[in-house]
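Here is what each chain is made of, one letter per residue.
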Amino acid sequence: MPNITKEITTMVEMLHESEQILVLEIVRRFLPDDIATPEDLRDIAIAREEYRRGEAIRHEDIDWS
């Protein structure tokens, strides 16, 4: 069975950078937009720790104007 990821990587590396940008945009359209990135997960962990320590700000205490 072929390694599809390796084959795609090899093919994309052969493209000019301007064409790689186009391929990247096409691939992004196939990915769900609700998947947490490693950065998202880190930020969530930090927020949970701040909340646990009582450092959260209540919604009602924010001046939204």
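The rules we used
- Residues numbered from 1 in each chain as written.
- Predicted model: local features only at pLDDT ≥ 70, side-chain atom pairs only at ≥ 80, totals over all residues.
- Heavy atoms only, no water.
- Helix = DSSP H or I, 4+ residues; strand = E, 2+ residues; numbered from the N terminus.
- Rg over C-alpha atoms; globule rule 2.2 N^0.38 Å.
- Buried < 20%, exposed > 50% of the residue type's maximum accessible area, 1.4 Å probe, protein only.
- Areas by Shrake-Rupley, 256 points an atom, 1.4 Å probe, with all protein chains shown as cover.
- Lys, Arg positive; Asp, Glu negative; His and termini not counted.
- Charge placed at Lys NZ, Arg CZ, Asp CG, Glu CD.
- Salt bridge = Lys/Arg side-chain N within 4 Å of Asp/Glu carboxyl O.
- Expected span 1.5 Å × (residues − 1).

From N to C terminus, the protein includes three helices and zero strands. Each helix and strand of the protein, placed in order from N terminus to C terminus, yields the pattern α-α-α. Against the globule reference of 11 Å for 65 residues, the protein gives a C-alpha radius of gyration of 21 Å, more extended than a compact globule. In terms of overall dimensions, the protein has C-alpha extents of about 55 × 35 × 20 Å along its principal axes. When the 65 residues of the protein are sorted by exposure, 0% land in the buried category. For the protein, the accessible surface area stands at approximately 6700 Å², while carbon and sulfur atoms represent 60% of it. Positive and negative side-chain charges of the protein, numbering 8 and 16 respectively, have mean locations separated by a distance of 5 Å.

Here we take up the pattern of salt bridges. With the rule as written, the count across this model stands at seven salt bridges. Close ionic contact of Glu55 with Arg53 constitutes a salt bridge, the shortest N to O distance being 2.9 Å. Taking the relative accessible area as the measure of exposure, Glu55 reaches 45% and is therefore partly exposed. Here Asp61 ties to Arg58 by a salt bridge, and the two come within 3.1 Å at their closest N and O atoms. By relative accessible area, Asp61 is classed as partly exposed at 49%. Connected through shared salt-bridge partners, Glu49, Arg52, Arg53 and Glu55 make up one network.

Here we come to helix H3 (residues 38–52). One turn of an α-helix holds 3.6 residues; hence residues three or four places apart share an orientation. With 15 residues, H3 extends 21 Å between its outermost C-alpha atoms, agreeing within 8% with the 21 Å of an ideal straight helix rising 1.5 Å per residue. Positioned one or two residues after H3, Gly54 has a phi angle of 80°, which is positive.

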